[in-house]
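# Overview (structure and organization)
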Amino acid sequence: MNFETALNENQLEAVESACQHLRIIAGAGSGKTRVLTYRISYLISEKHVNPYSIIAIAFTNKVASEMKDRVIKMLPKVSQFLNVSTFHSFGAKFLRAEIKHLGISPSFTIFDDDDTERLIRDICVARGYSKKDEIIALAMNYIAGKKCKGLYPEDVKLGHYYHEEECLEIFKEYEKRKHMMIALDFDDLLLMPIIILDNFPDVREKWLKKIHYILIDEFQDTNDVQFKLVKLLSSVETEVYVVGDPDQTIYTWRGANQKIILDFEKTFKGAETIILNRNYRSTKTILDAANKLIANN
């Protein structure tokens with residue numbers, strides 16, 4: 001495969017880098033998804049890396065599917081071995097294999113947002129509220145906020161949230177009923193793998209031996225829970241390769257922490273940074289206007 005004809009100079013440098021930990025700063029239209037997919041292809045075809053030892057993470061199922069399709073077009077024979085998914089999809093796969101350590105059946109069901117809202121509404125009604133009472137929205141936001149920070153009811157310390165004591169009681173009942181239904185919500189798909197990796201060293205060791213390369217798209221949108229999972233899946237030998245742009249953080253409402261990408265070199269010692277600064281999507285007029293706006297930040 002001729003990478004030199006398919007990539008510009010900076011993209012080629014990023015794809016063929018020998019650095020163990022690499023941060024790619026890439027603006028919109030600079031080919032960051034292209035770089036990630038070519039990096040996977042490069043590792044497999046040129047470095048003869050076992051596809052099973054690579055996990056690639058995207059923030060939406062659509063992008064994950066697109067990345068996988070691009071790699072398959074370059075390397076058709078590796079399709080069944082590729083691990084390209086979202087954080088939540090990876091968490092679900094991990095839990096199907098390991099949730100037995102928490103005494104939960106691997107045949108658990110996964111709640112979507114509607115399932116979660118329905119259960120919280122039922123709990124509130126059982127506590128004497130109407131189906132349209134504000135406590136339902138308050139409890140939903142409260143539970144989502146706590147779990148986004150990696151907290152279950154037993155971890156919560158009461159603060160100054162509006163109706164917090166009641167919301168915490170609803171949170172407790174929500175977790176209790178969910179457990180009885182053998183169901184997990186989206187947050188559990190990240191939090192439970194962390195609990196298992198933190199508390200079962202033999203399980204963590206098994207996965208550290210399995211995963212040698214971690215590649216993450218849109219790294220600027222990573223939150224603290226997701227990043228803790230990445231660190232637990234990384235050993236001193238794991239190669240961590242991330243692509244993102246601190247100026248494009250959009251998931252702050254779900255806890256995205258811009259400091260994670262900004263402090264990448266502090267977390268992973270010896271990490272290097274490559275900047276992709278050629279835009280293939282926008283005209284020069286748009287780029288000049290955007291750069292003038294950015295200069296004011």
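Residues numbered from 1 in each chain as written. Predicted model: local features only at pLDDT ≥ 70, side-chain atom pairs only at ≥ 80, totals over all residues. Heavy atoms only, no water.

### Here's the deal with the packing of helix H4 (residues 87-98) against helix H8 (residues 188-199)
It is at 8 Å that the axes of H4 and H8 come closest, and there the two elements cross at 50°. Judged on the interaxial angle alone, H8 and H4 are oblique. Helix-helix and strand crossings are classified by hand; for H4 and H8 the assignment is left-handed. Contacts from Phe87, His88, Gly91, Ala92, Phe94, Leu95 and Glu98 in H4 reach Asp188, Leu189, Leu190, Met192, Pro193, Ile196 and Leu197 in H8. (Axes fitted to C-alpha atoms, helices over the stretch in contact; angles between N-to-C directions. Helix = DSSP H or I, 4+ residues; strand = E, 2+ residues; numbered from the N terminus. Parallel < 35°, antiparallel > 145°, perpendicular 65-115°, else oblique. Left-handed = near helix turned anticlockwise from the far one by under 90°. Contact = heavy atoms within 4.5 Å.)

### Some thoughts on the pairing of strand E6 (residues 213-216)
Every second residue of E6 is oriented toward a common face, with Tyr213 and Leu215 on one face and Ile214 and Ile216 on the other, all of them buried. The sheet contact formed by strand E2 (residues 54-58) and E6 spans four bridges and is parallel. Each bridged residue has a counterpart across the sheet, and for Ile55 the counterpart in E6 is Ile214. As defined by bridge partners, E6 adjoins strand E7 (residues 239-244) across four bridges and the pair is classed as parallel. Following the sheet pairing, Ile214 is matched in E7 by Val240. Each parallel crossover has a hand, and for E6 linked through helix H10 (residues 224-232) to E7 it is right-handed. (Buried < 20%, exposed > 50% of the residue type's maximum accessible area, 1.4 Å probe, protein only. Pairing = 2+ DSSP bridges. Right-handed = clockwise from strand over helix to strand, strands pointing away.)

### A short note on the packing of helix H5 (residues 113-126) against helix H6 (residues 134-148)
In the contact formed by H5 and H6, the axes pass within 10 Å of each other and the chain directions differ by 125°. It follows from the interaxial angle that H5 and H6 lie oblique. The handedness of the crossing between H5 and H6 is right-handed. Note on element contacts: H6 touches H5 through Ile135, Ile136, Ala139, Met140 and Ile143, opposite Glu117, Ile120, Arg121 and Cys124. Considering only residue class, the contact of H5 with H6 consists of seven nonpolar, no polar and two charged. (Nonpolar A, V, L, I, M, F, W, Y, C, P; charged D, E, K, R; others polar.)

### Focus on the side chain of Asp188
Within the secondary structure, Asp188 sits in helix H8. Apart from the residues within four sequence positions on either side, Asp188 is in contact with Leu95, Lys147, Tyr152, Glu175, Lys178 and Pro193.

### Comments concerning unusual backbone geometry
The backbone of His48 sits at a positive phi, close to 55°, despite the residue not being glycine. Along the chain, His48 turns up in the loop between helix H2 (32-45) and E2. Residues other than glycine seldom take positive phi values, yet His163 does so here, at roughly 60°. By the element assignment, His163 lies in the loop between H6 and helix H7 (164-180).

### Quick word on the side chain of Asn223
One can find Asn223 in the loop between E6 and H10. With relative accessibility at 8%, the residue Asn223 sits in the buried group. Only 3.1 Å separates the side chain of Asn223 from the backbone nitrogen of Val225, close enough to count as a polar contact. Polar side-chain contacts of Asn223 include one of 2.8 Å to the backbone nitrogen of Gln226. (Polar contact = N/O pair within 3.5 Å; in protein donor to acceptor, adjacent residues only side chain to side chain.)

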